[in-house]
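Each chain is listed here by its residues.
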Amino acid sequence: TERKHAEEELKIQQAYLDQLFENAPEGIVLLDTDDRVLRVNSEFTRMFGYTPADAVKRPINELIVPEDRLDEGWELTYKLTHGQGVHTETVRRHKDGRRLHVSLVGAPVRIGSGRIAAYAIYRDITERKIAEEALHQSQQQYHHLLESTHDLIQSVAPDGRFLFVNQAWLKTLGYTQAQLSSLRIA
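What counts, and where the lines are drawn
Residues numbered from 1 in each chain as written. Predicted model: local features only at pLDDT ≥ 70, side-chain atom pairs only at ≥ 80, totals over all residues. Heavy atoms only, no water. Helix = DSSP H or I, 4+ residues; strand = E, 2+ residues; numbered from the N terminus. Buried < 20%, exposed > 50% of the residue type's maximum accessible area, 1.4 Å probe, protein only. 1 Å grid on protein atoms, 1.4 Å probe; cavity = no way out; pocket = protein on both sides within 12 Å on 5 of 7 lines; lining within 4 Å. Points joined across faces, edges and corners; volume = space filled by probe spheres on them. Contact = heavy atoms within 4.5 Å. Patch = residues over 30% accessible without salt bridge, like charges linked within 9 Å, V, L, I, M, F, W, Y side chains within 5 Å. Areas by Shrake-Rupley, 256 points an atom, 1.4 Å probe, with all protein chains shown as cover. Salt bridge = Lys/Arg side-chain N within 4 Å of Asp/Glu carboxyl O. Phe/Tyr/Trp six-rings, centres within 6.5 Å; stacked < 30°, edge-to-face > 60°. Expected span 1.5 Å × (residues − 1). Arc of directions from axis to C-beta.

**Some thoughts on unusual backbone geometry**
Here Asp-35, not a glycine, exhibits a phi torsion of approximately 70°, which is positive. Within the secondary structure layout, Asp-35 lies in the loop between strand 1 (27–31) and strand 2 (37–40). Classification of Asp-35 by relative accessible area gives buried; the value is 4%. Of note, the phi angle at Lys-57 is positive, near 80°, even though the residue is not glycine.

**What about empty space enclosed by the protein?**
As enumerated under the stated definition, the model contains one cavity of 30 Å³ or more in all. Size it by volume and the largest cavity reaches roughly 110 Å³. Lining the largest cavity are 14 residues, with Ile-60, Leu-76, Leu-80, Leu-104 and Tyr-122 positioned closest to its centre. Ranked by residues supplied to the lining of the largest cavity, first place goes to helix 5 (residues 70–81) with four residues.

**With respect to the environment of His-94**
Position of His-94 among the secondary structure elements: in the loop between strand 3 (86–93) and strand 4 (99–111). Relative accessible area serves as the criterion here: at 9%, His-94 is assigned to the buried category. Setting aside residues up to four positions removed in sequence, His-94 forms contacts with Arg-46, Met-47, Phe-48 and Gly-49.

**Regarding a nonpolar patch on the surface**
Taken together, Leu-152, Leu-173 and Tyr-175 make up a surface patch of nonpolar side chains, about 260 Å² in accessible area. Position of Leu-173 relative to the elements: it lies in helix 7 (residues 167–173).

**Examining the packing of aromatic side chains**
Tallied over the entire structure, the rule returns five aromatic pairs. An aromatic cluster is defined as three or more aromatic residues linked by ring pairs; in this entry it consists of Phe-44, Phe-48 and Tyr-122.

**Details of helix 5**
For helix 5, with twelve residues, the first-to-last C-alpha span of 16 Å sits near the 16 Å given by 1.5 Å per residue. Buried within helix 5 are the following residues: Gly-73, Leu-76, Thr-77 and Leu-80. The buried residues of helix 5 all sit within an arc of 105° when viewed along its axis, so they share a single face. Those residues of helix 5 that are buried lie in contact with helix 4 (60–64), strand 3, strand 4 and strand 5 (114–124).

Structure representation (structure tokens):
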């Protein structure tokens, strides 16, 4: 009965892990020691378009790493195969060729002192990267507008320190950018 209880407990623990793996909100892949796919979850399939049948036994770098990122992919593989964790933002490829910005976290899976596998967790951050790029473009346009006008524009902190002045302001009033740190508006 003790053995049956232990077997039952093992089944319960396995069910917990299987459900966690399958229902995680991030794409998860389990890799063998040769960096070949052992298992993917449903979010990985949704994110990258590869079913378990498409992915299993294929090298992860061949599967989702774009050609121009292969060196990076192999560097991450090297780190994982030498016992290091990885955490980075990068670009990966969907089955249909689309590029996705992802946050990637990976770590070796060990039993005792030996590495038996590795896992990688992917979060799609494409929308965030698009928003960041749009914000950057907007800031560039705003800065260009401020610098290209002949109007004098300044921004001043409540304590009278200059936060920003445009080139027209500096040129018209005869100051340099370096001199602004000593100026105050009363």
